[in-house]
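The lines below spell out each chain.
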Amino acid sequence: MAQLVPVEEFDIVIFGATGDLAQRKLFPALYHRWLDDQIPEGARIIATSRTEMSREDFLEQTRKSHAEFHPSEKVDEARWAKFAEQMDYVALDAVNEGGNWPEVAERLEGREEKIRLFYLALPPGIYGSVCENIGAAGLVTPKARVVLEKPIGTDLESAREINERVGRVFREDAIFRIDHYLGKETVQNLLILRFANVLFEPIWNSTWIDHVQISACETVGAGMRGDYYDGAGAMRDMVQNHLLQLLCLVAMEPPNDLDADAVRGEKLKVLNALRPIGIKHIDAETVRGQYTSGAIGSETVKGYAEELGRESGTETFAALKTHIDNWRWSGVPFYLRTGKRMASRRSEIIIQFKPVPHEVTNGQGGPLHPNRLVIRLQPDEGVRLLLMTKDPGPGGLRLRYVPLNLSYADTFEENYPDAYERLLMAVVRDNLALFMRRDEIEAAWRWVDGILNGWKEADTRLYTYPAGVDGPVQSALLLDRAGREWLDGMNL
Ligand code: BG6
């Protein structure tokens, strides 16, 4: 059984409480933790947004959203009502210093000793002003923490400005920059898999690894998310944060322990060692794509521009070939790809090992395939190690490439909390290891900015792909040139 340890009593103020993130992820996450008795009775949830409405109307809207986003969950109304007793609502224009701050202050009064979280489920452009207003309202107590959603800014310069302004109100160790991929079970397991087993580390380097693939493929579209996504694209929305964080966890050196700064310091070294993709290599090492209409399974879907209602030059797919310039990874390419409206939803990391140095089988029984380690983040979380074996039975030597399979569903009985549930509890517990430090964010932007600027300067082509395929064909060429191909970890 999973051990559920209740957290210390806390207050959480959620800004942007009627928005998509809060309604889809945050309130359900708090409710699920509450159901599991992890949230103390005295904890209080103060929801704020610009919408003028009563507490009752807010609760009704939140209950409806819960039903919409968790259609198969059977909610016990009496339990929900009990949970809702811990929630309050204040209409507040948080960017306005003269807004309804006294009312928020009133709700928090007398609780200065408690842990206090400010969750900014807001566009990053206003993080600075909102934090300044939190400070000006006198709400920053010794145990106050602020939670910021990704992406922090749209480039290095804007990220720096946000970090600067937020940093004038909150200490760095009170700033929790969320990358929800770091809350996923399989992502957290990466460190344990690598550093709590003796097996992998001796061969986790350029002597034995041919290349690494990191894919985050989605079937959802993005055009409906309008301005946010169109201003971001796959590079800022997924690569700058989720994919680079996965790359760091795969490539980092062993930290001394799991202390936040030990882990983050090692990740930072990887980000700093990423080889910039200069304009000279931009077309050979990157691919940008945008989906047109097509079919996902049996459902016909619109193209990105059609969903958006206008033409756009934003990429909904990006594939990159990257190098980490250090001793361990010299000469090992890391291929990254992510896209919307792809053939299937799957996020995975594939470590492709090199062939054995000498074939004792001399070609008998079939070809020898090099080992592969597949870490599947979603769906069907698990780890698979592909090995060569002898096909049992009479009739001579026949070889088979088969997986040693660790399926989470088959191995672990319980339903584990989703990433937001885990991360919210981690903020209360003050576990910064699962959150990004300022220098990590800025190093990631520095590298990503190089690519974005390269695309602009080189006027890099935006290839199209019909919804329902794994990106433009040019993405296959990125690997094909080296005799490699994109792999599907579950169908090998
Ligand atoms: C978010 C991105 O951070 O991650 C979305 O903004 C994306 O565009 C989502 O769909 C993917 O998350 P998950 O957990 O479904 O892989």
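Above this note sits the structure.
The paragraphs below set out a description of the structure included in this document. (Residues numbered from 1 in each chain as written. Predicted model: local features only at pLDDT ≥ 70, side-chain atom pairs only at ≥ 80, totals over all residues. Heavy atoms only, no water.)

### Topic: the overall build of the protein
The helix and strand inventory of the protein stands at 15 helices and 17 strands. The C-alpha atoms of the protein give 24 Å as radius of gyration, which agrees with the globular expectation for 492 residues (23 Å, within 12%). The principal-axis extent of the C-alpha atoms belonging to the protein is close to 80 × 55 × 50 Å. Each of the 492 residues in the protein was classed as buried or not, and the buried ones make up 54%. In the protein, of all internal contacts separated by at least 6 residues, the share reaching a separation of at least 24 is 78%. Total accessible area computed for the protein in this model is approximately 21,800 Å², and 50% of it derives from carbon and sulfur atoms. If you average the places of the 58 positive and of the 74 negative side-chain charges in the protein, the two averages end up 4 Å apart. (Helix = DSSP H or I, 4+ residues; strand = E, 2+ residues; numbered from the N terminus. Rg over C-alpha atoms; globule rule 2.2 N^0.38 Å. Buried < 20%, exposed > 50% of the residue type's maximum accessible area, 1.4 Å probe, protein only. Contact = heavy atoms within 4.5 Å. Areas by Shrake-Rupley, 256 points an atom, 1.4 Å probe, with all protein chains shown as cover. Lys, Arg positive; Asp, Glu negative; His and termini not counted. Charge placed at Lys NZ, Arg CZ, Asp CG, Glu CD.)

### Details of the pairing of strand β13 (residues 346–353)
For β13, the buried fraction is high: eight of the eight residues fall into the buried class. Neither face of β13 is open: one carries Arg 346, Glu 348, Ile 350 and Gln 352, the other Ser 347, Ile 349, Ile 351 and Phe 353, and all of them are buried. Strand direction decides the pairing type here: strand β7 (residues 209–217) and β13, joined by eight bridges, are antiparallel. Paired with Ser 215 across the two strands is Glu 348, which belongs to β13. Note: β13 against strand β14 (residues 372–378), six bridges, orientation antiparallel. (Pairing = 2+ DSSP bridges.)

### Thoughts on the sheet that holds strand β2 (residues 44–49)
Here we have six strands laid out as an open sheet, ordered β3-β2-β1-β4-β5-β6, and parallel in their pairing. Each edge of the open sheet carries a strand with a single partner, namely β3 (87–91) and β6 (175–177). Looking at each pair of strands side by side, their axes are set apart by 20 degrees on average, direction ignored. Taken together, the six bridges between strand β1 (residues 10–15) and strand β4 (residues 115–120) define a ladder with parallel strand orientation. Bridging across to β4, Val 13 finds its partner in Phe 118. Its contacts with the sheet put helix α2 (residues 55–69) on β2 and β3, and the angle it makes with β3 is roughly 115 degrees. (Axes fitted to C-alpha atoms, helices over the stretch in contact; angles between N-to-C directions.)

### Notes on the environment of Ile 14
Structurally, the position occupied by Ile 14 is in strand β1. Accessibility expressed as a relative area gives 0% for Ile 14, which makes it buried. In this structure, Ile 14 is in contact with Ala 22, Leu 26, Phe 27, Leu 30, Ile 45, Ile 46, Ala 47, Thr 48 and Tyr 119, ignoring residues within four places of it in sequence.

### Some words on the environment of Thr 322
With respect to the helices, strands and loops of the structure, Thr 322 is situated in strand β11 (residues 317–322). Residues Thr 322 and Pro 276, 46 residues apart in the sequence, show an inter-C-alpha distance of 8.3 Å. Not counting residues within four places of it along the chain, the set of residues in contact with Thr 322 comprises Leu 247, Ile 277, Val 332, Pro 333, Phe 334, Leu 336 and Trp 447.

### Side note on helix α4 (residues 101–108)
Along α4, the residues that are buried comprise Trp 101, Val 104, Arg 107 and Leu 108. Viewed along the axis of α4, the buried residues span an arc of 120 degrees, placing them on a single side of the element. Set apart from the buried face of α4 by more than 90 degrees, the exposed residues are Pro 102 and Glu 106. With its phi angle positive at about 80 degrees, Gly 110 sits one or two positions after the end of α4. (Arc of directions from axis to C-beta.)

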